[in-house]
Amino acid sequence: MKRISVILIITLLSALMFTGCGTSSDSDANNGANSYHQVSSEEAATMMEEETDYIILDVRTQEEYEAAHIPGAICIPNETIGDEEIEALPDKDQLILIYCRSGNRSKQASEKLAKQGYTNIVEFGGINSWTGETVSGSGA
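Residues numbered from 1 in each chain as written. Predicted model: local features only at pLDDT ≥ 70, side-chain atom pairs only at ≥ 80, totals over all residues. Heavy atoms only, no water.

**Q** Would you explain the confidence of the model for the protein in this entry?
**A** The predicted coordinates ought not to be read in detail in places where the model reports low pLDDT. Chain-level statistics for the protein give a pLDDT mean of 84 and a share of 75% at 70 or above. When the criterion is pLDDT under 50, residues 5-9 qualifies, and its contacts beyond four places in sequence or with other chains add up to zero contacts. The low-confidence segment residues 11-32 (pLDDT under 50) makes eleven contacts with residues lying over four places distant or belonging to another chain. (pLDDT = per-residue confidence, 0-100. Contact = heavy atoms within 4.5 Å.)

Structure representation (structure tokens):
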């Protein structure tokens, strides 16, 4: 009887520990299928150096984009992202690195894209905290 109690206690403690592992961390914006991952601008810069098939998505206005943007970024303003398919983002499994000015619009856009079924979204805040190179004009 004592042995069964010990086994039961160990089983319950194990279950509690594994349940704790299932909670979302600070780096996960949402839990479940419709989610995106948040990283720092430094981590995003590292990803840009190490990865090969990705899109850098600037979700600010066209005017903000033309003033300064990360080289290679494309501009799709957050306000234009809805429920419709996005021609410039045909591969829903492709790595998409998203930023805005301060991080608010990029989080909103990340949530919208996740709801549309995009599976590899990384939100890294705003260009205000970007320490890498920027360019100006409408070209990438």
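**Q** Can you help me understand the sheet that holds strand S1 (residues 37-38) in this one?
**A** Pairing between the strands of a sheet is mediated by backbone hydrogen bonds and can be parallel or antiparallel. Read from one edge of the open sheet, five strands run S1-S5-S4-S2-S3, paired in parallel fashion. Lying at the two open borders of the sheet, with one neighbouring strand each, are S1 and strand S3 (74-75). With five bridges connecting them, strand S2 (residues 54-58) and strand S4 (residues 95-100) associate as parallel partners. From the neighbouring strand, Ile 56 faces S4, where its bridge partner is Leu 97. Those strands touched by helix H2 (residues 41-50) are S2, S4 and strand S5 (121-126), and its axis lies near 130 degrees from that of S5. (Pairing = 2+ DSSP bridges. Helix = DSSP H or I, 4+ residues; strand = E, 2+ residues; numbered from the N terminus. Axes fitted to C-alpha atoms, helices over the stretch in contact; angles between N-to-C directions.)

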